[in-house]
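# Structural characterization, general
Letter by letter, the chains look like this.
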Amino acid sequence: MLKYNRWATMTLLEACRPLTEEQLNFRMAKASGPVRELLVHLVGAQQTQVLRTNGRQHEGELSRTSRWPGFPALLEAATTSADALVAIAEQLQVDSDVDLPFMGKIYRYPTSFFLVHAVAHGVEHRTEIALSLAHQGFQTPNLDGWEYGAAAGYGTEV
């Protein structure tokens, strides 16, 4: 799932590169933010989930309020955080607990929760971004699992 998450996020980011300032600043009615803000939030959330698997957060990762870093920096942050999530999942043999401090208290979560949340959160906001782009008449990439399978080389004839 995390390899799909990486592919889908990178595919969407690459598709968004040619967007104009107007398209990046577009906010669809009832969307949780303009396209630009959602792209930064999507990547920052991946960074946060990586930190959370180690009981950390709020260490300078991107957020909705972050200044637009530009596509090169956003793609680099997306790649690094997505690769880290994949590596964490691949190394997770026993689902250990993580103690996460928040507002003076400690909360316990299984590590896998942060990985599941990264995937679910990514799907939610990639969909929101794709809908915002489609609303503007922009051709959005197909982020379906079958597209990922083809890109990953799955389904070869035997």
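As a starting point, this report considers the structure included with it. Keep in mind that what you see is a predicted model, and the values were worked out from it rather than measured.

Calculation criteria
- Residues numbered from 1 in each chain as written.
- Predicted model: local features only at pLDDT ≥ 70, side-chain atom pairs only at ≥ 80, totals over all residues.
- Heavy atoms only, no water.
- Buried < 20%, exposed > 50% of the residue type's maximum accessible area, 1.4 Å probe, protein only.
- Helix = DSSP H or I, 4+ residues; strand = E, 2+ residues; numbered from the N terminus.
- Pairing = 2+ DSSP bridges.
- Axes fitted to C-alpha atoms, helices over the stretch in contact; angles between N-to-C directions.
- Left-handed = near helix turned anticlockwise from the far one by under 90°.
- Contact = heavy atoms within 4.5 Å.
- Nonpolar A, V, L, I, M, F, W, Y, C, P; charged D, E, K, R; others polar.
- Phe/Tyr/Trp six-rings, centres within 6.5 Å; stacked < 30°, edge-to-face > 60°.
- Lys NZ or Arg CZ within 6 Å of the ring centre and 35° of its normal.
- Parallel < 35°, antiparallel > 145°, perpendicular 65-115°, else oblique.

For a regular strand, side-chain orientation follows a simple rule: the groups alternate between the two sheet faces. Burial analysis of strand E2 (residues 105-110) places just zero of its six residues in the buried class, which makes it a mostly uncovered element. Of the pairings in the sheet, the one linking strand E1 (residues 97-102) to E2 comprises six bridges and is antiparallel in character. Pairing of valine 98 across the sheet is with tyrosine 109, part of E2. Hairpin connection between E1 and E2: a loop of two residues separates the two successive antiparallel strands, and methionine 103 in this loop has a positive phi of roughly 50°.

All right, on to the packing of helix H3 (residues 35-52) against helix H4 (residues 71-91) then. Two numbers describe how H3 lies on H4: the axes approach to 9 Å, and their chain directions differ by 35°. As for how H3 packs across H4, the hand of that crossing is left-handed. From H3, Leu39, Val40, Val43, Gln46, Gln47, Gln49 and Val50 reach across to H4, where they touch Phe71, Leu74, Ala77, Ala78, Ser81, Ala82, Ala84, Leu85 and Ile88. Residue composition of the contact of H3 with H4, grouped by class: 12 nonpolar, four polar and no charged.

Bringing the environment of alanine 15 into the picture now. Along the polypeptide, alanine 15 turns up in helix H1 (residues 2-16). Separated by 126 residues in the primary sequence, alanine 15 and proline 141 place their C-alpha atoms 6.7 Å from one another. Not counting chain neighbours up to four residues away, the residues in contact with alanine 15 comprise Phe138 and Pro141.

A word on the packing of aromatic side chains. In this description, a pair of aromatic rings is defined by centroid distance and the angle of the planes. Across all of its chains, the model carries eight aromatic pairs by this definition. For the ring pair tryptophan 68 and phenylalanine 71, a centre distance of 5.2 Å and an interplane angle of 80° mean the geometry is edge-to-face. Under the relative-accessibility criterion, tryptophan 68 is labelled partly exposed at 24%. Given a relative accessible area of 9%, phenylalanine 71 falls into the buried group. Among the aromatic residues, those joined into a ring-pair cluster are Tyr4, Trp7, Tyr148 and Tyr154. We note arginine 36 situated over the ring of tryptophan 68; from NZ or CZ to the ring centre the distance is 5.0 Å.

Moving on, we come to the packing of H1 against H4. Packing of H1 against H4 leaves a shortest axis separation of 9 Å and a crossing angle of 175°. On the basis of their axis angle, the class for H1 and H4 is roughly antiparallel. Within the contact between the two elements, H1 uses Leu2, Lys3, Arg6, Thr9, Met10, Leu13, Glu14 and Cys16 and H4 uses Phe71, Leu74, Leu75, Ala78, Thr79, Ala82, Asp83, Leu85, Val86, Ala89 and Glu90. Its residues assigned to classes, the contact of H1 with H4 comprises 12 nonpolar, two polar and five charged.

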